[in-house]
Amino acid sequence: MMAKTKYIFITGGVVSSLGKGIAAASIGALLESRGLSVSLIKVDPYINVDPGTMSPFQHGEVFVTNDGTETDLDLGHYERFVRFEASKKNNFTAGKVYETVIRNERKGKYLGGTVQVIPHITNEIKKRIKSGGQGKDIAIVEVGGTVGDIESQPFVEALRQMALELPNSSWAFVHLTLVPFINASGELKTKPTQHSVKELRSLGISPDVLICRSEKELPKDEKSKIALFCSVPKNNVISMHDVDTVYSIPLLLNKQKVDKTIIEKLRIQSKKPQLNDWKRVVKAKLLPEKEVNVSFVGKYTELKDSYKSINEALEHAGIKNKTKVNINFVEAENLTTKNVAKTLKKSDAILVPGGFGERGVEGMILACKYSREKNIPYLGICLGMQVAIIEYARNVLNLKGANSTEFNKDTSYPVIDLMESQRAIKLKGGTMRLGAYDCELESGSKAQKAYGRKKISERHRHRWEVNNRYRDRLEKNGLRISGINSELNLVEIVELKNHPWYVAGQFHPELKSRVSKAHPLFRDFIKASVKYLSGK
């Protein structure tokens, strides 16, 4: 390990959602393949303290770390691409920064001085960045949004100050921009990139590397033009064009020597990159031997990023099983008794994910029933387990009207109920059952066979749980409770005994799935779907 952490600052221009998170994760993967230790940090300029209370339609999924921090979905990319576990130090927002500074002011920590953006806000940002990178060779810092946004200005200023305070070899700036392709003229346009770099320079930062997002590969002439007008060496203008899978991005960047350019700027000695694992992943993804259709019955299907980690976990499982996984997104709210059979009849597997609120729940329950009765492989996640319990209670135990108190406070059969520890809570942000909890698996269960061990740890994000008053009745009628948190005496996993593969968990297994190591439940879920398809 090097004596001091060095920094790579990644900013974006023109528009958001270009793939800064994927670029950051890919650069991290390349540096890690060279034997360097890497930390990745996402800073978000919005005023929310964290994304925990934000709608998935606005911001995509909330990624939960082992320590229970609700973070930006880009941390999911980081963990999937790089071998590190994120924590509360790896993501912070403008809201968190301002909250801390105001609290310090109330405590009198600024000695009666006037509290200002510079130096108080920028100092807090720098302090948090340094904390997130501590102990690592490289800290990659991604700034959310685009350069020029009023919200991001304190963050960009903090980066400028860090570059002034640190030796020139301790930092590198990477700027990601859009080079749009105009179909009408058949041309790539570099002007947005030129203006974006001009805006960045006006804030006191000159990029060392330009990563250009485009539909098509950037020709040499366009690279030369961008290099000339943006005062960046031609070899440092990188094409990050559309590819068949995001997992080929590290290989694409390596081919253009991004990692070599960065370590030369940082004056780091490292070994050659070892990318055979990435090559194997891409080959398995692009050359599958089988193909299955998974019906994904969710509440937020209009925005695919709402379920980013689940989508990726399914892809990892497909890669492991050498199978192409086609995801058919089904809006749960539109599923009825009249159309459920027609909608789900081509399914080789059915997945019901997590969510909050009553909307779409009855459609999810219908999907559970269809899967159970037709012996189609089923994976339930968080709410997906709760609706499976409700469906079983209604249709097998004959408890008519069985429900969760989240959806019906006056139900006669509250098979899902609010945790005792949650009853007195008034604040919504950061107060759920969050983070990693242990689970003990029943020997011989499908879950235990999948994991290959009896004790596991998985990440949670919920308030409601299986009501223990109904556990005996559920088990006596054929539902197998195969995973328990013994410390809190809570149900973690349920299965059906007389079903090819019907498993549901209260936790979020997708959060621990990795490119090179598919999560056991997703792996066996897709394996079961392949078997189901072959038996049709």
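Presented here is a report on the structure given in the accompanying data block. On a predicted model such as this, the values are computed, not experimentally measured, just so you know.

1. Overview of the overall build of the protein chain
A tally of helices and strands in the protein chain yields 18 helices and 23 strands. Compactness check: the protein chain gives a C-alpha radius of gyration of 25 Å against a globular reference of 24 Å for 536 residues, within 12% of the reference. Here the C-alpha coordinates of the protein chain stretch approximately 70 × 60 × 45 Å along the principal axes. Residue burial in the protein chain is summarised as follows: out of 536 residues, 59% are buried. Here the analysis covers contacts within the protein chain between residues at least 6 apart in sequence; of these, 74% occur between residues at least 24 apart. Carbon and sulfur atoms make up 48% of the accessible area of the protein chain, which amounts to about 23600 Å² in all. For the protein chain, the centre of its 84 positive side-chain charges and the centre of its 60 negative side-chain charges are spaced 4 Å apart.

2. A short note on the packing of helix H4 (residues 94–106) against helix H5 (residues 117–133)
Where H4 meets H5, the axes come as close as 10 Å, and the angle between the chain directions of the two elements is 115°. Our pair here, H4 against H5, has a crossing hand that is right-handed. Here Lys-96, Val-97, Tyr-98, Thr-100 and Val-101 of H4 lie close against H5, whose contacting residues are Val-117, His-120, Ile-121, Glu-124, Ile-125 and Arg-128. Considered class by class, the residues forming the contact of H4 with H5 number six nonpolar, two polar and three charged.

3. Topic: the environment of Val-466
Following the sequence through the fold, Val-466 ends up in strand S20 (residues 464–466). Residues Val-466 and Val-491 lie 25 residues apart in sequence; the distance between their C-alpha atoms is 6.2 Å. Excluding residues within four positions of it along the chain, Val-466 makes contact with Met-385, Ile-389, Val-415, Ile-416 and Val-491.

4. Details of the side chain of Asn-403
Structurally, Asn-403 is set in strand S16 (residues 403–404). Exposure remark for Asn-403: the relative accessible area of 9% places this residue in the buried category. Each residue touching Asn-403, except ones within four places of it in the same chain, is listed here: Ile-390, Arg-394, Asn-408, Thr-411, Tyr-413, Pro-414, Val-415 and Ile-416.

5. Some points on the sheet that holds strand S13 (residues 323–331)
One open sheet accounts for nine strands, arranged S13-S12-S14-S15-S23-S22-S21-S18-S19; its pairing is mixed. In the strand order of this sheet, the two ends are held by S13 and strand S19 (455–462), each with one partner. When strand polarity is set aside, the average angle formed by the axes of neighbouring strands in this sheet is 25°. Pairing geometry for strand S18 (residues 433–441) and S19, over eight bridges, is antiparallel. Residue pairing across strands places Ala-436 opposite Arg-459, the latter belonging to S19. Running over the sheet, helix H12 (residues 308–320) touches strand S12 (290–298), S13, strand S14 (349–352) and strand S15 (378–381) and is turned about 155° from S13. The strands that helix H18 (residues 520–534) touches are S12, S13, S14, S15 and strand S23 (502–505); relative to S12, the one it contacts most, it runs at about 115°.

What counts and what doesn't
- Residues numbered from 1 in each chain as written.
- Predicted model: local features only at pLDDT ≥ 70, side-chain atom pairs only at ≥ 80, totals over all residues.
- Heavy atoms only, no water.
- Helix = DSSP H or I, 4+ residues; strand = E, 2+ residues; numbered from the N terminus.
- Rg over C-alpha atoms; globule rule 2.2 N^0.38 Å.
- Buried < 20%, exposed > 50% of the residue type's maximum accessible area, 1.4 Å probe, protein only.
- Contact = heavy atoms within 4.5 Å.
- Areas by Shrake-Rupley, 256 points an atom, 1.4 Å probe, with all protein chains shown as cover.
- Lys, Arg positive; Asp, Glu negative; His and termini not counted.
- Charge placed at Lys NZ, Arg CZ, Asp CG, Glu CD.
- Axes fitted to C-alpha atoms, helices over the stretch in contact; angles between N-to-C directions.
- Left-handed = near helix turned anticlockwise from the far one by under 90°.
- Nonpolar A, V, L, I, M, F, W, Y, C, P; charged D, E, K, R; others polar.
- Pairing = 2+ DSSP bridges.

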